[in-house]
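Below, each chain spelled out in residue letters.
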Amino acid sequence: YRGLPVTLPLPTWHALGTLLPVKELVVVADHLLRRRMVTLEELHRVPRMRHCRILRQAAALADGRSKSPQESRIRLEMRDRGFPTPELNLDIIEERGWIGNGDFVWREYRTIADYDGEVHRDEKQHTQDNQTRDLYAAYGWRHVPLTKRMVRNMDTGLELVARALRDNGWSG
């Protein structure tokens, strides 16, 4: 668009430091990292400015492996509640090969949680999800789907994740 003023990703993120709370800055940072619009090092090099502390806090929590804003929010909520740190968007490979990709994976506890956003409402995707979950179970994985409704009230969904982790050996 000719003549339309735009800003670059990093200065935009810096400017958002005056407008957004830390968790929402992390959501933006995760997206920028995932899309390779900035590097983690760039996020950590916060210039001296009035809101540099909040930007530094957000940079310390940023992780470009989150594939969606809700995954970022769930990850931060799990962290705040003392959950063990999951591996993000990890391929699950068993003796016969690849069986799926989990949004939040705790190998030690053989537990997977997935955020099922709008794309999972499609009939074909829903069928694939069910087949993948059957494979997880066949290989001894505990799977917890987190729906949009469950995440509206984080307590509901995260209690299911915590229960699955505890059932599989987590002492939290």
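Definitions and limits used
Along every chain, residues carry numbers that run from 1 in the direction the sequence is written. At least 70 in pLDDT is required for a residue's local features to be given in this predicted model, at least 80 for side-chain atom pairs to be given and counted, and no such filter applies to totals for whole chains, interfaces and linings, which use all residues. Here the side-chain values reflect all heavy atoms present in the structure, with hydrogen atoms and water set aside. Categorising residues by exposure relies on relative accessible area from a 1.4 Å probe, with only protein chains included: less than 20% of the type maximum marks a residue as buried, more than 50% marks it as exposed, and the intermediate range marks it as partly exposed. A run of DSSP states H or I qualifies as a helix once it reaches four residues; a run of E qualifies as a strand once it reaches two. Both are numbered from the N-terminal end. Following DSSP output, two strands are said to pair if at least two bridges run between them. Lines fitted to C-alpha atoms define the axes, with helix axes restricted to the stretch in contact, and inter-axis angles between N-to-C directions lie between 0 and 180 degrees. If an angle is under 35 degrees, it is roughly parallel; if it is over 145, roughly antiparallel; if it lies from 65 to 115, roughly perpendicular; otherwise it is oblique. The handedness criterion is simple: a crossing whose near helix is rotated anticlockwise from the far helix by less than a right angle is left-handed, and one whose near helix is rotated clockwise is right-handed. Note on contacts: a residue pair is in contact if any heavy atoms of the two residues lie within 4.5 Å. Any carboxyl oxygen of Asp or Glu within 4 Å of a side-chain nitrogen of Lys or Arg constitutes a salt bridge here. Take the residue count of a helix, subtract one, and multiply by 1.5 Å to get its expected span. The arc in question is formed by the directions pointing from the helix axis toward the C-beta atoms.

### As for the pairing of strand β3 (residues 111–116)
Sheet faces and side chains relate simply in a regular strand, where the side chains alternate between the two faces.
Then, number 1: For β3, the tally of buried residues reaches six of six residues, placing the bulk of the element in the interior.
Then, number 2: Residues of β3 alternate between two faces, with Thr 111, Ala 113 and Tyr 115 on one and Ile 112, Asp 114 and Asp 116 on the opposite face, all of them buried.
Then, number 3: Between the end of strand β2 (residues 97–106) and the start of β3, which pair antiparallel, lie four residues, with Arg 110 showing a positive phi angle near 45°.
Then, number 4: Sheet topology note: the β3/strand β4 (residues 142–147) ladder contains six bridges and is parallel.

### Points about the packing of helix α2 (residues 22–34) against helix α4 (residues 52–61)
Then, number 1: Running from amino to carboxyl end, α2 crosses α4 at an angle of 55°, the nearest separation of the two axes being 8 Å. One way to sum up the angle between α2 and α4 is to call them oblique. The element α2 and its partner α4 pack so that their crossing is right-handed. Residues Val 22, Leu 25, Val 26 and Asp 30 of α2 touch α4, and the partners they reach there are Ile 54, Leu 55, Gln 57, Ala 58 and Leu 61.

### Re the sheet that holds β2
Then, number 1: The mixed open sheet is built from four strands, whose spatial order is β1-β2-β3-β4. The open sheet terminates on both sides in strands that have one partner only, identified here as β1 (87–94) and β4. When the angles between neighbouring strand axes are averaged without regard to direction, this sheet yields 45°.
Then, number 2: Sheet topology note: the β1/β2 ladder contains seven bridges and is antiparallel. When the bridges of β2 are listed, Leu 90 appears paired with Gly 102.
Then, number 3: Those strands touched by helix α6 (residues 123–138) are β1, β2, β3 and β4, and its axis lies near 90° from that of β2.
Then, number 4: This element, helix α8 (residues 154–167), spans β2, β3 and β4 of the sheet and lies at about 175° to β4.

### Observations concerning the side chain of His 51
Then, number 1: For His 51, the position within the fold is in the loop between α3 (40–44) and α4.
Then, number 2: Taking relative accessible area as the criterion, His 51 reaches 14% and is therefore assigned buried.
Then, number 3: Not counting chain neighbours up to four residues away, the residues in contact with His 51 comprise His 14, Gly 17 and Thr 18.

### Section: the pattern of salt bridges
Then, number 1: Tallied over the entire structure, the rule returns 13 salt bridges.
Then, number 2: For Glu 24, the salt bridge is made with Arg 73, and the minimal N-O distance between the two is 2.9 Å. Separated by 49 residues along the polypeptide, Glu 24 in helix α2 and Arg 73 in helix α5 (residues 69–80) bring together distant segments of the chain.
Then, number 3: What makes Glu 24 partly exposed here is its relative accessible area of 24%.
Then, number 4: Salt-bridge contacts for Asp 30 lead to Arg 75; the nearest nitrogen and oxygen are separated by 2.5 Å. In this pair, Asp 30 sits in helix α2 while Arg 75 sits in helix α5, placing the two residues 45 residues apart along the sequence.
Then, number 5: Residue Asp 30 is classed as buried on the basis of its relative accessible area of 0%.

### Some thoughts on α5
Then, number 1: Taking 1.5 Å as the rise per residue, α5 with twelve residues should run 16 Å; its terminal C-alpha atoms sit 17 Å apart, in good agreement.
Then, number 2: Within α5, burial applies to Gln 70, Glu 71, Ser 72, Ile 74, Arg 75, Leu 76, Glu 77 and Met 78.
Then, number 3: Positive backbone phi, at 80°, marks Gly 82, one or two positions downstream of α5.

### Re α6
Three or four residues apart is the spacing at which side chains of an α-helix point the same way, because the helix has 3.6 residues per turn.
Then, number 1: The first and last C-alpha atoms of α6 sit 23 Å apart over 16 residues, in line with the 22 Å expected at 1.5 Å per residue.
Then, number 2: Asp 129, Thr 132, Arg 133 and Tyr 136 are the residues of α6 that are buried. Axial view of α6: buried residues confined to an arc of 100°, hence all on one face. Those residues of α6 that are exposed and aimed more than 90 degrees away from the buried face are Glu 123, Lys 124, Asp 134 and Ala 138.
Then, number 3: Elements in contact with the buried residues of α6: β1, β2, β3 and β4.
Then, number 4: Backbone geometry just downstream of α6 places Gly 140 in the positive-phi region, at approximately 85°.

Any functional reading would require information that these geometric values do not contain.
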